[in-house]
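Observations on chain architecture
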Amino acid sequence: MATVKLKNIKKTYPNGAVAVRGVDMAIEDGEFVVFVGPSGCGKSTMLRMVAGLENITDGEIEIDDRVINKVSPADRDVAMVFQNYALYPHMTVRGNMAYGLKNRGLPKAEINQKVTDAAKMLRIHDYLDRQPNQLSGGQRQRVAMGRAIVRDPKVFLFDEPLSNLDAKLRVQMRIEIKRLQRRMGVTSIYVTHDQTEAMTLADRLAVINDGRIEQMGAPIELYNNPATLFVASFIGAPQINLIPVQFDGKNLNSGDLQFSGFKDLPENTDLILGIRPDVLEPNNDGQLEMQVDLVEQHGAENLVYGALNGASTTDGYNTEICFKTDQNTQPAIDSVLKLHFDQNHAMVFNKETGERLI
Amino acid sequence: MKRVQFEHSTIPYLFIAPQIIIIAIFFLWPAAQAVHQSFLLEDAFGLSSQFVWFKNYFDTIGDASWRQAAWFTTVFSVLVTFLSLGIALLLAVKANEVIRGARTYRTTLMWAYAIAPPVAGLMGNLMFHPLIGDLYKFLNAIGWDFNHKLDSFDAGFVVVLIAVWKQVSVNFIFFLSGLQGISKAVNEAAMMDCKSPTRRFWTITFPLLAPTTFFLMVINITYAFFETFGIIDTTTGGAPGGSTNTLVYKVFQDGFRGADLGGSSAQSVVLMLIVLALTVIQFRFIERKVHY
C-alpha cells in the first residue's frame, strides 16, 4: 500500500516523438486510478514509466515519497498485469506465480502458502500444475493477476488487461478486478481505452490526450462536468451529441435552428453545443427535429439514431444525432421527431480551444 | 489435427514422388551399395571380389587408426558443437540488445554464413601458413611453439577454430530469430520479477530458446561429422599422421586414396549406425527436456 506521485514527468523517445508532455498527479493510498484516452495518447507510456520499463526523460516519480526514477523495475515493489498476459510459457501456473517470489529469496513454504492463497482467491487452484498453453484466455488472465497478487506489491499496474478477452468475460473480470482491489486495498493504476471499463473501475479517472491530463476526477464528475470538449466526447456511450453553433447575444444559432435561454457567451465565435443522448426526449415542443434512420435495441433501452434537420454543417461535425429512450419507445424509420432538452443539462464549448463555457 | 482428404489416393504420392526419388537415388541406393560392398573384399585391381562376411567390420573396429579417428571425431564434434553454439548464443544475445545500427551489426555477423567450408579451409591455410600466415606468426610470437604441420594438438586447434568460425554465423541467425521470437512482454514481466539479468537469462531466455538450441545441436553435430570434410581436406588433410582424420575423412581416404572399397564401405556403414544412434539419443532423451 502506497502513494504514487508523478511530478511533471515527460517522455521523449530517441526518435524525437513526444509521448508525455509533463504530467502531475498524486495517487492516494489504496486508490484505483484509471488512465483513459485514445490510442497513442501516452497513457501506456506513463504506466510503463511507473513500472520502470520506460526511462523517464524528465520529472520525478515517487512511490511512498521515495524517488524511483533510477530504481530497477524489480526493486520498485510494483506488479504489472500485461495486455497479452505475458505468462512464462515454459513454466506451470505455479511456476509463473512463484517466479517473482523465488527470485526475491522467500522461503519455499511461504511461497507455497502465498501461491495457494492467491490461487484460491482467483479460483485457479485446480490448474496450478498446468502450463499456460493448456488454459483458456480467462484463466490465463487470472494467472497473470495471481502473479501480481502473490507479490503483495505496493502498487498494481494494469496495462489494458481485459482487451484480449471476449465481451462477456471482460465484464466478469472487470467486476472481479474491482472487488479484488477493494478487498486488498492496494493502490492501482489501470490503463484502458475502453471508457466503460474506465468509468466502472475508477475511483478517479484521468482522461489523457496527447501526452497531457485533460481532466482528472471521479468518473461521474467527469461525465456530468467535463472540463473540455475532448473529455465530453470521450466519456459517455453513446457519444455526446455535438452541434456547431454561434451566439448572437441572445440565442445560440445553428443554420435554421435557434436555442434560447443561454447567456454570457462570446459572440462571433465558433461554439459547440453538447447534449448527452439521455438528456434528449421526444416532445412536440422540442427544440430539435430529427429524421430517424436507425433504432438500436439494447434490451432495457433503445438508442435512436438519425439526421438532425436544419443544423449548419461544419468540418468535423456531422449532423447526426442520437438519443436514448426506453424499450417501448420505438419510432418508425424515416419518421420525423421533435426532441426536447433542458438547457441546464446542455454544455457549450469553445470550438477552437475545446474549453467548456457553460 | 485437421486432415485433408483427397479423392484419389494417388495424388499425395505424386506430390511426394520427387522427394522420394531424390532420396532413393542419392541416399537409399548408395547406402545399399555401401552395405553390399562392406561384405566384399576386392583384389588390388578391382577385377574380382570375394564375399568375406564381417571381416571388413572386424578389421575396421580392430584398426588402431580407425579408433584414433573415432576419438578425434568425438572430441572434434563436441568442441565444434559447444563452441559454435556458445559463441553464437553470446553474440546473438548481445546483438539483440543493440538498438542503434542493429541491422549493420547483424548483417556483419551473418556474413560468414555465405562461405563454403572448403573456402573457409583455404582462408585458414593462408592465416596459418608458416611463412605468410599472420595467426601462425602471432601464436609463435606469444610464446606458443605453434606448428600445425607437425604437432597434432596444433593441427586439431586449427581445424576446430576454422570449423567453429564457419558455423557460428549459421547458429547466430537461428539464435537471433529465436530471441526475437520471445515476446517483449514476457521479457518485461521477467524484468519486474527478477533483478539479475544473468538469472533472467538462464531462467527465462534460455529455456525459451531450448527448441532452437536443440535443433541447432542436431544440425551442428551433423555438420561436425560430415560437412567439415571440406575444411579438413583443404587444411590438414588428416595430417600429421592421421591425427586430424575424422571418420568421414577416413572413409574417403581409405576408399578413394587407399582403394580399399570393402573396408571403407564397412567404415561408412559403421558411421551411419553411429549417427543413427546419436540421432535416436538426441530425440529420445534430450528433446524431452525441450519445451516448445
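Model, not experiment: these values are computed from the prediction. Residues take numbers from 1 onward in each chain, read along the sequence in its written order. Chains and ligands are labelled by the order in which they are written, letters from A for the one and numbers from 1 for the other. Only residues with pLDDT of at least 70 are given local features in this predicted model, and only at 80 or more are side-chain atom pairs given and counted; all residues enter the totals for whole chains, interfaces and linings.

1. What about the overall build of chain A?
Looking only at helices and strands, chain A features eight helices and 20 strands. Using C-beta atoms placed from the backbone, we call a residue buried if 20 or more other C-beta atoms fall within 10 Å of its own, exposed if 12 or fewer do, and partly exposed for counts in between. Split into buried and exposed, the 358 residues of chain A put 41% on the buried side. The contact criterion used here is simple: two residues whose C-beta atoms, placed from the backbone, lie within 7 Å are in contact. In chain A, once contacts between residues fewer than 6 apart in sequence are set aside, the share between residues at least 24 apart is 65%. Helix and strand assignments come from DSSP, with helices taken as H or I runs of at least 4 residues and strands as E runs of at least 2, each series counted from the N terminus.

2. Some points on the sheet that holds strand 1 (residues 4-12) of chain A
Residues and elements named next belong to chain A. Reading across the sheet, the four strands line up as 2-1-4-5 and stay open at both edges, with antiparallel pairing between neighbours. A strand with exactly one partner marks an edge of an open sheet, and here the two such strands are strand 2 (18-27) and strand 5 (66-67). Strands are labelled as partners when DSSP assigns at least two bridges between them. Relative to strand 4 (residues 58-63), strand 1 runs antiparallel, the two sharing five bridges. Opposite V4, over in strand 4, you have I63 as the bridge partner.

3. Observations concerning the interface of chain A and chain B
Listed by partner, the interface residues are 17 residues for chain A and 15 residues for chain B. Going through the elements one at a time, strand 6 (78-81) and helix 2 (93-103) of chain A are the ones with two or more residues in the side of chain A that touches chain B. No other element matches the three residues that helix 2 of chain A contributes to the side of chain A that touches chain B. Just so you know the grouping, Ala, Val, Leu, Ile, Met, Phe, Trp, Tyr, Cys and Pro go in nonpolar, Asp, Glu, Lys and Arg go in charged, and all remaining residues, Gly too, go in polar. A breakdown of the residues in the side of chain A that touches chain B according to their chemical character gives eleven nonpolar, five polar and one charged.

4. Some points on the nonpolar core
In plain words, the nonpolar core is the set of buried Ala, Val, Leu, Ile, Met, Phe, Trp, Tyr and Cys residues that C-beta atoms within 7 Å link up. Ranked by size, the top nonpolar core spans 147 residues in total, and within it V50, L157 and L273 of chain A carry the most contacts. Among the elements that take part in this core, helix 7 (residues 152-180) of chain B stands out by supplying eleven residues, more than any other. Each domain's extent is set by a domain assignment, obtained either automatically or from a database. Residue assignment places this core across two domains, with domain 1 (4-229) and domain 2 (239-350) of chain A each supplying three or more. The residues touching L273 of chain A, leaving out its near neighbours within four places in the chain, are I243, V245, L252, F259, A346 and V348 of chain A.

5. Here's the deal with the confidence of the model for chain A
The pLDDT score gives, residue by residue, the confidence of the prediction method on a 0 to 100 scale. Looking at chain A, pLDDT values average 90 and 99% of them are 70 or higher. Taken element by element, chain A is modelled with least confidence in strand 13 (residues 257-259) of chain A, mean pLDDT 85, and with most confidence in strand 3 (residues 32-36) of chain A, mean pLDDT 95.

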